[in-house]
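Residues per chain, in single letters:
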Amino acid sequence: MIDCDVAIVGAGGAGLFCALEIAKRRKDLNIIVFSEVFPTRSHTGAAQGGVNAALANVAKDDSPEKHAYDTIKGSDFLADQEAVFKMCSLAPKIIYELEHMGTPFSRLENGKIAQRPFGGAGFPRTCYSADKTGHVILQTLYEQCLRHNIKIIHDFLVLDLVASENRIYGLVGLDFSTGKLWGVRASVVVLATGGFAKIYWNRSSNCLGNTGDGVAMVSRLGLPLKDMEFIQFHPTGLRRSGILVTEGARGEGGYLINNQGERFMKKYAPSKMELAPRDIVSRAIETEIREGRGFKDEEGFEYVYLDLRHLGKKKILERLAQIRELSIDFEGVNPIKEPIPIRPTAHYTMGGIDTDINGKTPLKGLYAIGECACVSVHGANRLGGNSLLDILVFGKLAALDIVENASFEKKEFLAKALAKVEEKIAFLFEDKKHSENAFKLYKELGDILWSGVGVFREEKGMKEAMEKIIKLKERAKNLTVKDKSDVFNTELLFSLKLLNSLEIALAVVIPAIERKESRGSHYRLDYPKRDDKNFLKHSIITKENGEYKLSWKEVQITKYKPEERKY
Ligand SMILES: Cc1cc2nc3c(=O)[nH]c(=O)nc-3n(C[C@H](O)[C@H](O)[C@H](O)COP(=O)(O)OP(=O)(O)OC[C@H]3O[C@@H](n4cnc5c(N)ncnc54)[C@H](O)[C@@H]3O)c2cc1C
C-alpha cells in the first residue's frame, strides 16, 4: 500500500504545475505524482506552436478582454464565459511566472517575450519558444518539481479510482516495471491524464498514452462527462502518420495549396485565410480533397500541400526547425525546398470530465485538470495556444482550492477495489478460443471513428460507427494477452487501455448523434447550420447501471451573446 495526502495522476503540464503550486504552499502535505511515462515524455512536451497571453508585446492594442472575445467566438459560443474571462485575465501572470522559473521563451529585438499570430486570434498573442514550446515548459516544470522534492512515480499505470459514499479514497495502479499491483490511499486525487484523441489511432497527432484513461475511470464511477462529441481535427497533420505540423507554420506565413496551385482558403475565410480557426481550415482541406482538388499518392493517401518555401531557409531553420526535421524524417520532404503533404488529424478533445472552475468534480476530493477535464473554456472549438494556457491556469486554480478547502482526514483503503483489478488482469491473461489482439482492435477503432465521427458527420455514418463500436466491445471480451511477462508488458498495457478507449468512443458517438446541428468541430452534413434555439447547451453523458445516459446543461453566457461566426 502506498499512502499520501494528494495523488496526482499525470505528469504533463497540468499535473506538474498543480503539484508545484500545492508544494510551494503546503510543505506538510505528502504529494505523489503518478505517471505512465517518464514526466518529460508526457504529451505536453510535443506542443509546438506556443501559449496564448495578451502581453501586448507585439500588438499594443491587445488585452485579456480581446483574448476572451476571440476564445468565445472561436468556441462557437459554447464556452462558459466566466471561466474564459478567468483564464484570459490570469494568462499574463502565468507566463511571467513561467519566465521567472526559467522557461526560455523566444525574444523580440527589444528583449521582450516574442509573440506570433495564431488561428482565430485578433492579434499576435502566442508566446513561443521556436517550435518547441511544450518541451521547454515541461522541462522547466519538471526541474522545479525536483527542486521542491516532489515525489514522482513513473512507469505506473493507474487503472481505477476507489470511491465510496460520495468520497474518493484512492486508486489502484500497476507498476509497469515490475508487474506489481498497488493500492494507493489518498485523501485527494487529481486527474491530469491528458486528452483522448489517440482513440483515432493512426489518424491522430497524439502520443500513444492519450487513450482517455482518466475520463473512462471517472465515467465508471457514474460521474458526468461533458461535450464529448467535440473532437478537434487539426488541419495540418503529416499525410501518412498524422504527426503534427504546428499552426505556427501558418502563423509564420505558410500557404495551403491545392492541385490547381491555388491558395484555396480565400474561398472559405477571405479575411483570415490560412489563419482561420482550425475547424474551418480542416473542413476547407477536406472539401478540396472531396471535390477532386487534392492530391493522391500511390499508397492511396490523399492530401493538400502546406508550402513554406517562400519563408526562406533562415526563418525555417530558426523558427520551424522541428517541423523541418519531422517533414524530412516522416515524409522525406525538406520544407525549404518542397511543399509538405498534409491532411487533418485528430488532435485535441474539447470535452472531458465535467468540473467547476477549480477543477472540482461532484465527488468529494476528486479533481480533474488539463485536457482530460472540461471546465469549459474551449466549447465547440479550441483556439491554438489556449490549451497550454488552460492546463496551467486550471492546474493552479485546482491547487489553490486543494490548499484552501480540501480535507485530509485519512480513510481506510477499500481492499476489494484491488481484488477487482487483479481479476480483470488475470482474465486478460487467460487463453481464449477466439482470442483478440489489442493493437488490431485499436486500428479498427481508429478507422471506424475517422470515417463515422470525423471532420464531416451525418446520422447514418455515426449510427453505423456506434454499432461497430458495440461489436468491437463484444470482441474485446476475448482480448488475450499472449505475452505473459511481468516486466514492461506493453501488450497488457494496451489491452487495459483499449478497454478504456472503447468506453470513451461510445461516449463520443452518442452525443454526436443527438446534437442535430453544426457547431465548431462538430460538423453535420445533415444539419449544416448552428441551432442556438435547441443546442446552445453542453451535452452531459453519465453512466448509470452500465449504460450511458445523455442529458444537457446550460451554457454560461455572461457578456457576449452568440453571433454569426465569420472570419
Ligand atoms: C502535437 C501536439 C502539439 C500541440 N501544440 C500545442 C500548442 O502549441 N499550444 C497549445 O496550447 N496546445 C498544444 N497542444 C495541446 C496541448 O499540448 C495539450 O492539450 C496539453 O499539453 C495537455 O496537457 P496535460 O497536462 O493535460 O496532459 P499530457 O501532457 O498529455 O499528460 C498526461 C499525463 O497523464 C499520464 N497518464 C495518462 N494516463 C495515465 C494512467 N492511466 N496512469 C498514469 N498516468 C497516466 C501520462 O503519463 C502523462 O504524464 C498540442 C497537442 C499536440 C498533440
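Described in the following lines is the structure provided in the data block. In every chain, residue numbers begin from 1 and rise along the written sequence. Under the rules for a predicted model, residues below a pLDDT of 70 receive no local features and side-chain atom pairs below 80 are neither given nor counted, while totals for whole chains, interfaces and linings still include all residues. Side-chain calculation: all heavy atoms of the structure are included, whereas hydrogens and water are not.

Description of the site of the ligand
1) Next: Near the ligand lie 39 residues; those nearest to it are Ser 42, His 43, Thr 44, Glu 371 and Ser 387.
2) Next: Under the rule applied, a polar contact is a pair of N or O atoms within 3.5 Å (in protein, one hydrogen donor and one hydrogen acceptor; residues adjacent in sequence only if both atoms are side-chain atoms). A distance of 3.5 Å separates an oxygen atom of the ligand from a polar backbone atom of Gly 12.
3) Next: Between the ligand and Leu 388, the relevant distance is 2.7 Å, taken from an oxygen atom to a main-chain nitrogen or oxygen of the residue.
4) Next: All accessible areas in this document rest on Shrake-Rupley with a 1.4 Å probe, and a residue is counted as covered only by the protein chains that are shown. For the ligand, whose accessible area on its own is 1000 Å², the fraction buried by protein is 97%. Here a residue is considered near a molecule or strand provided that any single heavy atom belonging to it is located within 4 Å of it.

Examining the packing of helix α5 (residues 213–220) against helix α15 (residues 490–514)
1) Next: Every axis in this analysis is a line fitted to C-alpha atoms, fitted for helices over the stretch in contact. Angles between the N-to-C directions lie between 0 and 180 degrees. Only DSSP runs of H or I with at least four residues qualify as helices, and only runs of E with at least two residues qualify as strands; both kinds are numbered from the N terminus onward. Running from amino to carboxyl end, α5 crosses α15 at an angle of 70°, the nearest separation of the two axes being 9 Å. Relative to α15, the element α5 lies roughly perpendicular. Relative to α15, the crossing made by α5 is left-handed. Where α5 abuts α15, its residues Asp 213, Val 215, Ala 216, Ser 219 and Arg 220 lie against Lys 497, Asn 500, Glu 503 and Ile 504.
2) Next: Amino acids are sorted into nonpolar (Ala, Val, Leu, Ile, Met, Phe, Trp, Tyr, Cys and Pro), charged (Asp, Glu, Lys and Arg) and polar (every other residue, Gly among them). For the contact of α5 with α15, the per-class residue count stands at three nonpolar, two polar and four charged. Orientation categories follow fixed angle ranges, with anything under 35 degrees roughly parallel, anything over 145 roughly antiparallel, 65 to 115 roughly perpendicular, and all other angles oblique. By convention, the crossing between two helices is left-handed when the near helix turns anticlockwise from the far helix through less than a right angle, and right-handed when the turn is clockwise. When checking whether two residues touch, look at their non-hydrogen atoms; a contact exists if any pair is within 4.5 Å.

So, the nonpolar core
1) Next: Buried Ala, Val, Leu, Ile, Met, Phe, Trp, Tyr and Cys residues form a nonpolar core when they are joined through side-chain atoms within 4.5 Å. Throughout, exposure labels follow a simple rule: accessible area from a 1.4 Å probe, protein chains only, divided by the maximum for the residue type, with under 20% read as buried, over 50% as exposed, and the rest as partly exposed. Among the nonpolar cores identified, the biggest contains 82 residues, and Val 189 and Leu 191 are the most heavily contacted of them.
2) Next: The leading source of residues in this core is α15, at 14 residues.
3) Next: All the domain ranges listed were derived from an automatic or database domain assignment. Counting contributing residues, this core receives three or more from each of domain 1 (231–347) and domain 2 (415–554).
4) Next: The contact partners of Leu 191, leaving out residues within four places of it in the chain, are Val 9, Leu 161, Gly 214, Val 218, Ile 353, Leu 366, Tyr 367, Ala 368, Ile 369 and Cys 372.
5) Next: Ranked by size, the runner-up nonpolar core spans 61 residues in total, among them Val 6, Ile 95, Cys 127 and Ile 152.

What to know about the packing of aromatic side chains
1) Next: Here is the rule: rings of Phe, Tyr and Trp (six-membered ring for Trp) pair when centre to centre is within 6.5 Å. Planes less than 30 degrees apart are stacked, more than 60 are edge-to-face, and the remainder are tilted. Taken as a whole and judged by the stated rule, the model has 17 aromatic pairs.
2) Next: Ring geometry for Phe 85 against Tyr 560: centres 6.2 Å apart, planes inclined by 20°, an arrangement best described as stacked. Of the two residues, Phe 85 is situated in helix α3 (residues 81–101) and Tyr 560 in the segment after β22 (547–554); the sequence distance between them amounts to 475 residues.
3) Next: Given a relative accessible area of 21%, Phe 85 falls into the partly exposed group.
4) Next: On the accessibility criterion, Tyr 560 (17% relative accessible area) is buried.
5) Next: Between Phe 233 and Trp 450 the ring centres are 5.8 Å apart and the planes differ by 75°, which places this aromatic pair in the edge-to-face class. Of this pair, Phe 233 sits in strand β11 (residues 231–238) while Trp 450 sits in helix α13 (residues 438–452), and the two are 217 residues apart along the sequence.

Side note on the layout of surface pockets
1) Next: Points on a 1 Å grid, built from protein atoms alone, make a cavity when a 1.4 Å probe fits but cannot get out and make a pocket when they are open with protein on both sides within 12 Å along at least 5 of 7 lines; residues with an atom within 4 Å of a point are the lining residues. Grid points are joined across faces, edges and corners, and a volume is the space filled by probe spheres set on the points. Taken as a whole, the second largest pocket spans an internal volume of roughly 740 Å³.
2) Next: Taken together, 24 residues line the second largest pocket, and the ones lying closest to its centre are Asp 160, Arg 220, Lys 420, Lys 424 and Glu 503.
3) Next: If you list the elements that add at least two residues to the lining of the second largest pocket, you get β7 (156–164), α12 (415–429), α14 (459–476) and α15.
4) Next: When residues of the lining of the second largest pocket are assigned to their parent elements, the largest contribution, seven residues, is made by α12.
5) Next: Partitioned by chemical class, the residues of the lining of the second largest pocket number 13 nonpolar, one polar and 10 charged.

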